[in-house]
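Spelled out from the first residue to the last, the chains are:
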Amino acid sequence: MPGPQCDCEIEGLKMRIGVVSDTHGYFDPKLHKLLAGVKAIVHAGDVDSQNILDELEQIAPVHAVRGNVDGAELGLPLTRTLRFEGVQIQMQHKLPALQSEVGAWLKGTAKTHARRRDDFLKNYDRGTRIVIFGHSHEPCLIPLGHILFFNPGSAGKKRFSLPRCCGLLEISSKGIEAWIMSLEGDEQNLPGKVWLPHKT
């Protein structure tokens, strides 16, 4: 079932959107600097505190979805559809497939993968260009089919050996650029930038 929709068009050549997930009740002060100047922030769930949303709102308007640790008191939908500069974004906390499997589909050519991949992509309509999600705490930028699957990783406190990070989307008249930024000062183990031209 589609979540709430927002059509957020602005004038200008480029629009930057901050991408955050899995804060788990912790607001990293570095987000103020890393997300400075964005026109909106999307949070892919496991917010865990209204204070997080309030802090992010000091930077830019926030659009968030409910994660598995988020209570009903936050009033967040399970999914949300947004449009920025004509680019449709679908938000959800968990994908209907393992993130590792989605990554394997990008690399693999085995025919046994094709049907599962195609069935997975049917969860998203043809207008969707970006799916923003979280849950795994593992940052990824996976272009698959006509969609970029974007997990910004966890912006919360350190868990396991996974990096702490957030992301940015930049939408221009030419296309979409996405990248992930470290909250720990170490960019080495993060995915590289991804560029998507607008569909013709």
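Everything below is about the structure printed above this text.
Residues numbered from 1 in each chain as written. Predicted model: local features only at pLDDT ≥ 70, side-chain atom pairs only at ≥ 80, totals over all residues. Heavy atoms only, no water.

(A) Main features of the overall build of the chain. Of regular secondary structure, the chain possesses four helices and twelve strands. Relative to the globule expectation of 16 Å for 200 residues, the C-alpha radius of gyration of the chain, 16 Å, shows essentially globular dimensions. Expressed as a percentage of its 200 residues, the buried residues of the chain come to 53%. Counting contacts in the chain only where the partners sit at least 6 residues apart, residues at least 24 apart contribute 55% of the total. Just so you have it, the chain exposes about 10,000 Å², and 50% of that area is on carbon and sulfur atoms. For the chain, the distance from the average site of its 24 positive side-chain charges to the average site of its 23 negative ones is 7 Å. (Helix = DSSP H or I, 4+ residues; strand = E, 2+ residues; numbered from the N terminus. Rg over C-alpha atoms; globule rule 2.2 N^0.38 Å. Buried < 20%, exposed > 50% of the residue type's maximum accessible area, 1.4 Å probe, protein only. Contact = heavy atoms within 4.5 Å. Areas by Shrake-Rupley, 256 points an atom, 1.4 Å probe, with all protein chains shown as cover. Lys, Arg positive; Asp, Glu negative; His and termini not counted. Charge placed at Lys NZ, Arg CZ, Asp CG, Glu CD.)

(B) Here's a closer look at the packing of aromatic side chains. One pass over the full model with this rule turns up four aromatic pairs. Between Phe120 and Tyr124, the aromatic rings sit 5.8 Å apart at their centres with planes inclined by 70°, giving edge-to-face as the arrangement. Assigned by exposure class, Phe120 and Tyr124 land together as buried. Summarising the aromatic geometry, the rings of Tyr124 and Phe149 are spaced 5.6 Å apart at their centres and angled 70° between planes, so their arrangement reads as edge-to-face. Of this pair, Tyr124 sits in the loop between α4 (111-121) and β7 (128-132) while Phe149 sits in strand β9 (residues 147-151), placing them 25 residues apart in sequence. On the basis of relative accessible area, Phe149 is assigned to the buried category, the value being 0%. (Phe/Tyr/Trp six-rings, centres within 6.5 Å; stacked < 30°, edge-to-face > 60°.)

(C) Broad picture of the pairing of strand β2 (residues 14-20). Counting buried residues along β2, five of its seven residues qualify, which places the element largely inside the surrounding structure. Direction of pairing for β2 relative to strand β10 (residues 165-172): antiparallel, over a ladder of six bridges. Considered in β10, the bridge of Arg16 is made with Glu170. For β2 and strand β3 (residues 40-43), the ladder comprises four bridges, and the chain directions are parallel. The partner of Val19 across the bridge, within β3, is Val42. (Pairing = 2+ DSSP bridges.)

(D) Spatial organisation of the side chain of Gln99. You can see Gln99 is positioned in helix α3 (residues 99-107). The class of Gln99 is buried, set by a relative accessible area of 14%. Polar side-chain contacts of Gln99 include one of 2.6 Å to the side chain of Ser136. Apart from the residues lying within four places of it in its own chain, the contact partners of Gln99 are Phe133, Ser136, Glu138, Pro139, Cys140, Ile142 and Asn151. (Polar contact = N/O pair within 3.5 Å; in protein donor to acceptor, adjacent residues only side chain to side chain.)

(E) Molecular detail of the pattern of salt bridges. With the rule as written, the count across this model stands at eight salt bridges. Glu184 is the partner of Lys158 in a salt bridge, and the nearest nitrogen-oxygen pair spans 3.1 Å. One end of the pair, Lys158, is in the loop between β9 and β10; the other, Glu184, is in the loop between β11 (175-182) and β12 (194-197), with 26 residues separating them in the sequence. Given the relative accessible area of 43%, Lys158 is considered partly exposed. A relative accessible area of 37% places Glu184 in the partly exposed class. It is possible to trace a salt-bridge network through shared partners that takes in Lys14, Arg16 and Glu170. (Salt bridge = Lys/Arg side-chain N within 4 Å of Asp/Glu carboxyl O.)

(F) Looking closely at the sheet that holds strand β4 (residues 62-64). An order of β4-β3-β2-β10-β11-β12 is seen for the six strands of this open sheet, with the pairing classed as mixed. In this open sheet, the two strands that pair with only one neighbour each are β4 and β12. Each strand axis lies, on average, 20° off the axis of its neighbour in the sheet, ignoring direction. (Axes fitted to C-alpha atoms, helices over the stretch in contact; angles between N-to-C directions.)

(G) The arrangement of the side chain of Arg80 in detail. For Arg80, the location among the structural elements is in strand β5 (residues 79-84). In this structure, Arg80 is buried with no salt-bridge partner, the nearest side chain bearing the opposite charge being Glu57 at 9.1 Å. Reaching out from Arg80, the side chain makes a polar contact with the backbone oxygen of Ala64 at a distance of 3.1 Å.

(H) Expanded view of the nonpolar core. Of all hydrophobic cores here, the largest spans 26 residues; its most connected members are Phe84, Ile89, Ile130, Ile132, Phe150 and Leu169. When neighbours within four sequence positions are excluded, Ile89 is seen to be in contact with Ile17, Arg80, Thr81, Leu82, Phe84, Ile130, Ile132 and Leu169. The next biggest cluster of nonpolar side chains, apart from the first, holds 22 residues, and it includes Phe27, Leu35, Leu74 and Cys166. (Core = buried A, V, L, I, M, F, W, Y, C linked by side-chain atoms within 4.5 Å.)

It is worth stressing that arrangement in space is one thing and function is another; only the former is reported here.
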